[in-house]
Amino acid sequence: MTSPAQQNRQLVLDAFDTLFGKRDYTAAAEFWAADYVQHSRHIPPGREGLFGLIRSLPDTLRYENQLAVADGDYVMLFGRYSGTGTPAAVVADVVRIEDGRLVEHWDVWEDEATRGESAADAPMFGAHFPAAG
């Protein structure tokens, strides 16, 4: 039997794949609550703000998840956004689930460091978190 936290984890992974991977806005609306709260300075408010931002980005946008952790009604994703014409970004997304829908979101966003840019001389994604693709 799957725990509620693991169900929430899969729900968020499916939601991100639907919006960022498939760009199916009708299906994505079933995952995101109508009164969704967005706590990001670079994403317009609400579900429509998020969907509008994604619509405005090139079709080459990709989200590659590397880690998904669930704790009760909260899910944290660690992944990489690329294909926007700007440097790839490494992001920790935190989502709160209520009644089977994404209702709130926070993120920590950083440009991806290449091996040459990294003070540790290591790429952001390495052996433990290989870049998908």
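The structure reproduced in this document is the subject of the present report. (Residues numbered from 1 in each chain as written. Predicted model: local features only at pLDDT ≥ 70, side-chain atom pairs only at ≥ 80, totals over all residues. Heavy atoms only, no water.)

**Let's talk about the layout of surface pockets**
Consideration 1: Size it by volume and the largest pocket reaches roughly 310 Å³.
Consideration 2: Sorting the residues of the lining of the largest pocket by element identifies α1 (4–21), β1 (32–39), α3 (46–56), β4 (89–98) and β5 (101–111) as the ones contributing at least two each.
Consideration 3: Along the lines of polarity and charge, the residues of the lining of the largest pocket split into 16 nonpolar, five polar and three charged. (1 Å grid on protein atoms, 1.4 Å probe; cavity = no way out; pocket = protein on both sides within 12 Å on 5 of 7 lines; lining within 4 Å. Points joined across faces, edges and corners; volume = space filled by probe spheres on them. Helix = DSSP H or I, 4+ residues; strand = E, 2+ residues; numbered from the N terminus. Nonpolar A, V, L, I, M, F, W, Y, C, P; charged D, E, K, R; others polar.)

**Overview of the pattern of salt bridges**
Consideration 1: Evaluation of the coordinates by the stated rule reveals eight salt bridges.
Consideration 2: Between Lys22 and Asp17 there is a salt bridge, and its shortest N-O distance comes to 3.4 Å.
Consideration 3: For Lys22, a relative accessible area of 56% corresponds to the exposed category.
Consideration 4: On the basis of relative accessibility, which here comes to 38%, the residue Asp17 falls in the partly exposed class.
Consideration 5: Here Arg23 and Asp59 are joined by a salt bridge, their closest N and O atoms 2.9 Å apart. (Salt bridge = Lys/Arg side-chain N within 4 Å of Asp/Glu carboxyl O. Buried < 20%, exposed > 50% of the residue type's maximum accessible area, 1.4 Å probe, protein only.)

**Overview of a nonpolar patch on the surface**
Consideration 1: A cluster of nonpolar side chains, contributed by Leu67, Val69 and Met76, occupies part of the molecular surface with about 200 Å² of accessible area.
Consideration 2: Given a relative accessible area of 32%, Leu67 falls into the partly exposed group. (Patch = residues over 30% accessible without salt bridge, like charges linked within 9 Å, V, L, I, M, F, W, Y side chains within 5 Å. Areas by Shrake-Rupley, 256 points an atom, 1.4 Å probe, with all protein chains shown as cover.)

**A word on α3**
Consideration 1: For α3, every residue scored as buried is listed here: Gly46, Arg47, Gly49, Leu50, Phe51 and Ile54.
Consideration 2: Among the structural elements, α1, α2 (25–28), β1 and β5 are those in contact with the buried residues of α3. (Contact = heavy atoms within 4.5 Å.)

**Structural notes on unusual backbone geometry**
Consideration 1: With phi around 55°, Arg23 is a residue other than glycine that occupies positive phi space.
Consideration 2: With respect to the helices and strands, Arg23 occurs in the loop between α1 and α2.
Consideration 3: In this model, Asp99 sits at a positive phi of 50°, which is unusual for a non-glycine residue.
Consideration 4: Looking at the element boundaries, Asp99 is found in the loop between β4 and β5.

**A few points about the sheet that holds β1**
Consideration 1: The five strands lie next to each other as β1-β5-β4-β3-β2, forming an open sheet whose pairing is mixed. This sheet does not close on itself; its edge strands, each paired only once, are β1 and β2 (62–71). Sheet twist, expressed as the mean angle between neighbouring strand axes with direction ignored, is 25°.
Consideration 2: Here β4 pairs with β5 via ten bridges, running antiparallel. For Val94, the partnering residue across the bridge sits in β5 and is Trp106.
Consideration 3: Sheet strands touched by α1: β1, β2, β3 (74–82), β4 and β5. Its angle to β2, the strand with the most contacts, is close to 165°.
Consideration 4: The strands touched by α3 are β1 and β5; relative to β1, the strand with the most contacts, the crossing angle is about 75°. (Pairing = 2+ DSSP bridges. Axes fitted to C-alpha atoms, helices over the stretch in contact; angles between N-to-C directions.)

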